[in-house]
Amino acid sequence: THFGFKTVKERDKSKEVYSVFEKVADSYDVMNDAMSFGVHRIWKDLFIQELSPLHGCKLLDTAGGTGDITFRYLNYLNNLENKKKIKSYVTVSDINQNMLDVGQSRAKKLGFTPENGYNIDWLQSDAENLSCPDESYTAYTIAFGIRNVTHIDKVLSEAYRVLQPGGRFLCLELYDQYSFQMIPVMGKLIAGQWEPYQYLVESIRKFPKQDELKGMIENAGFRQVTYKNLTFGVVAIHSGFKI
Ligand code: SAM
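The following refers to the structure shown. (Residues numbered from 1 in each chain as written. Predicted model: local features only at pLDDT ≥ 70, side-chain atom pairs only at ≥ 80, totals over all residues. Heavy atoms only, no water.)

**Concerning the overall build of the protein**
- Within the protein, the regular secondary structure consists of ten helices and seven strands.
- By the compact-globule yardstick of 18 Å for 243 residues, the protein fits well, its C-alpha radius of gyration being 17 Å.
- For the protein, the spread of C-alpha atoms along the three principal axes comes to 60 × 40 × 35 Å.
- A burial count over the protein gives 51% of its 243 residues as buried. (Helix = DSSP H or I, 4+ residues; strand = E, 2+ residues; numbered from the N terminus. Rg over C-alpha atoms; globule rule 2.2 N^0.38 Å. Buried < 20%, exposed > 50% of the residue type's maximum accessible area, 1.4 Å probe, protein only.)

The structure is reproduced here in structure tokens:
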């Protein structure tokens, strides 16, 4: 046990994760800023720069939560020089409908609406078993999400399945053990809840290191698999291609 709470070894991880994000959906964005001192915004911007999407991109943003990666992707496309636009697509998928609901209201506030020409597809789906056809996307992102899943290998093989040949897999994840200790403390202070955040800490402790994850991505069939550490390895971006 850690701090007197049960470890999650024997529990059904996906159910637990579902209820955690159900409880934290409303405070999620505030927590992100508080816990990373706003740095998660920089990491996410670097992540989109790494993707460097072009018009015509079909992105699946899994574990997309409240839409942070998707909104950055849309802004990036808006800022591209070439205005002769080929239509781009984006699907935000998440296992938790509450997170997607928050995302949809954020999209409205930010003006990413059908009236303004944005058709974001919001899809409630488990990353381990995606309800998307084979070879339907040119890019797949998972940001701060792969740690929360029960079977990483299933997520990776699903990513491989839904990508078109030539498609790119990108994963952004947190690795710093020390910062995890702060999560339940901040959760209690900001959102008034300790236990859901304690659970998150339990799940993130057991995650493979950068090199091991690289091997798993290769085992799923991806080629040219690389990773880049950001902020001295606090987070890393893994990349792979379906060739
Ligand atoms: N990508 C967003 C971001 O960077 O702000 C959200 C990250 S949030 C820390 C993790 C998300 O993963 C939550 O929205 C949670 O519901 C989702 N999630 C957890 N397990 C999942 C699964 N098996 N399939 C899809 N989404 C999952």
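That was the structure; now back to the text.
**Observations regarding the side chain of Ser239**
- Mapped onto the secondary structure, Ser239 falls in strand β7 (residues 235–241).
- Residue classification places Ser239 among the buried positions, given a relative accessible area of 3%.
- In this structure the side chain of Ser239 is engaged in a polar contact, spanning 3.0 Å, whose partner is the side chain of Arg168. (Polar contact = N/O pair within 3.5 Å; in protein donor to acceptor, adjacent residues only side chain to side chain.)

**Structural notes on helix α1 (residues 13–24)**
- In a regular helix each residue adds 1.5 Å, so twelve residues correspond to 16 Å; α1 covers 16 Å between its end C-alpha atoms and thus fits that length.
- The set of residues buried in α1 consists of Lys13, Val17, Val20, Phe21 and Val24. Down the axis, α1 shows its buried residues gathered within 90° of arc, on one side only. (Expected span 1.5 Å × (residues − 1). Arc of directions from axis to C-beta.)

**Here's the deal with the nonpolar core**
- Counting residues in each nonpolar core, the largest one holds 45 residues, and the members touching the most others are Tyr73 and Ile120.
- Residue contributions to this core peak at five residues, all from helix α4 (residues 68–78).
- Membership of the second largest hydrophobic core comes to 25 residues, among which are Leu60, Tyr137, Phe169 and Phe222. (Core = buried A, V, L, I, M, F, W, Y, C linked by side-chain atoms within 4.5 Å.)

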